[in-house]
Amino acid sequence: MQTRTRTLAISLFTALLVAGCGSSDAPSTGPAGDGNGGGNGGGVAPGRTLSVPIGANATQEAIEAFIRARPGDTIRFDCGFYDLTSTLLLTQTEGVTIKGCGMDETVLSFRNSDGVEGLLIDEVRGVVIEDLTVADPAGNGIEMRNVDHGTVRSVRAFWSSGGGRESPNPVTADNYAGDDSPLHVACTDPATQDPDSS
C-alpha cells in the first residue's frame, strides 16, 4: 500500500510540475511584431510613441518624454522649429529612437538653453537619433556617454553662422526654412591636405 501511495504522490507531483512548466499563450514579439522575440540586437519589443509638440511648453514636454522613455519607445518631434531651454537627457534605458521629420524640417535649437549639451545620451543600450537638426548648443550638439550601439543618421548638428550663441545670424523660427536658410551650410571647411598626394 505504501508503494502504491508513493507512486501516486510522485505521479501527481510530476503532473503538477509539467503543467507549471507549460508555455504561455501570449506570443513573444520582436520589434516588427514578428513573433520571434526580438531582432534589433536587444530583443526590445516595439513601444509607445511619445510626441513632443511645438509650442511654449516644448522644453517641458521633451524633458518628460525623455524621462518617460522605456525600452522600444520612440520620441517623436513634429516638423518645425523648437526653441529649447534645457539639455535633453536620455539615460538608463534601451532601444529608444529619437526622431524628427527630416534634417531641414525639424530643428532643435539650444540657443537659449541653460545646459551645455543639446542631446545627452548616457548609459543607454541601443539608441537611434534620426531626421533632425541640433543647432546652437553651448557645447556638443549630441553627446553619447557609455552608449552601446548608438546610431545617428540624417542628422545635422552645428553652430549657426559658425558663431553659436554669439552668432549675428542665428537659426531662428523665422529663418530656418526656405532657400536662403542658414541650415544650408557646408559640412566642413575645405580639406587643407590632399590625401592622394605623396
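Residues numbered from 1 in each chain as written. Predicted model: local features only at pLDDT ≥ 70, side-chain atom pairs only at ≥ 80, totals over all residues. Heavy atoms only, no water.

Draft legend 1. Quick peek at the pairing of strand β2 (residues 74–77). By the bridge criterion, four bridges tie strand β1 (residues 49–52) to β2 in an arrangement that is parallel. When the sheet's bridge partners are listed, Thr49 is paired in β2 with Thr74. Regarding the hand of the β-α-β motif, the stretch spanning β1, helix α2 (residues 58–68) and β2 is right-handed. As paired strands, β2 and strand β4 (residues 88–99) are joined by three bridges and run parallel to one another. Within the sheet, the bridge partner assigned to Thr74 lies in β4 and is Thr97. (Pairing = 2+ DSSP bridges. Helix = DSSP H or I, 4+ residues; strand = E, 2+ residues; numbered from the N terminus. Right-handed = clockwise from strand over helix to strand, strands pointing away.)

Draft legend 2. Inspection of the side chain of Ser113 at higher detail. Its place among the elements puts Ser113 in the loop between β5 (106–109) and β6 (119–135). A polar contact is formed between the side chain of Ser113 and the backbone nitrogen of Gly115, at a distance of 3.0 Å. (Polar contact = N/O pair within 3.5 Å; in protein donor to acceptor, adjacent residues only side chain to side chain.)

Draft legend 3. Examining α2 more closely. All of the buried residues in α2 are Ala58, Thr59, Ala62, Ala65 and Phe66. Take α2 and look down its axis: the buried residues cluster within an arc of 125 degrees, on one side only. Structurally, α2 contributes buried residues whose contacts are with β1, β2, β3 (80–83), β4 and β6. (Buried < 20%, exposed > 50% of the residue type's maximum accessible area, 1.4 Å probe, protein only. Arc of directions from axis to C-beta. Contact = heavy atoms within 4.5 Å.)

Draft legend 4. Quick look at the confidence of the model for the protein chain. Looking at the protein chain, pLDDT values average 77 and 64% of them are 70 or higher. Within the model, pLDDT remains below 50 along residues 7–41, and this stretch shows 23 contacts once partners closer than five positions in the same chain are excluded. For the stretch residues 188–195, pLDDT sits under 50, and the model shows zero contacts to residues farther than four places along the chain or on other chains. (pLDDT = per-residue confidence, 0-100.)

Draft legend 5. The packing of aromatic side chains, seen in detail. With the rule as written, the count across this model stands at one aromatic pair. Ring geometry for Phe77 against Tyr82: centres 5.1 Å apart, planes inclined by 90 degrees, an arrangement best described as edge-to-face. (Phe/Tyr/Trp six-rings, centres within 6.5 Å; stacked < 30°, edge-to-face > 60°.)

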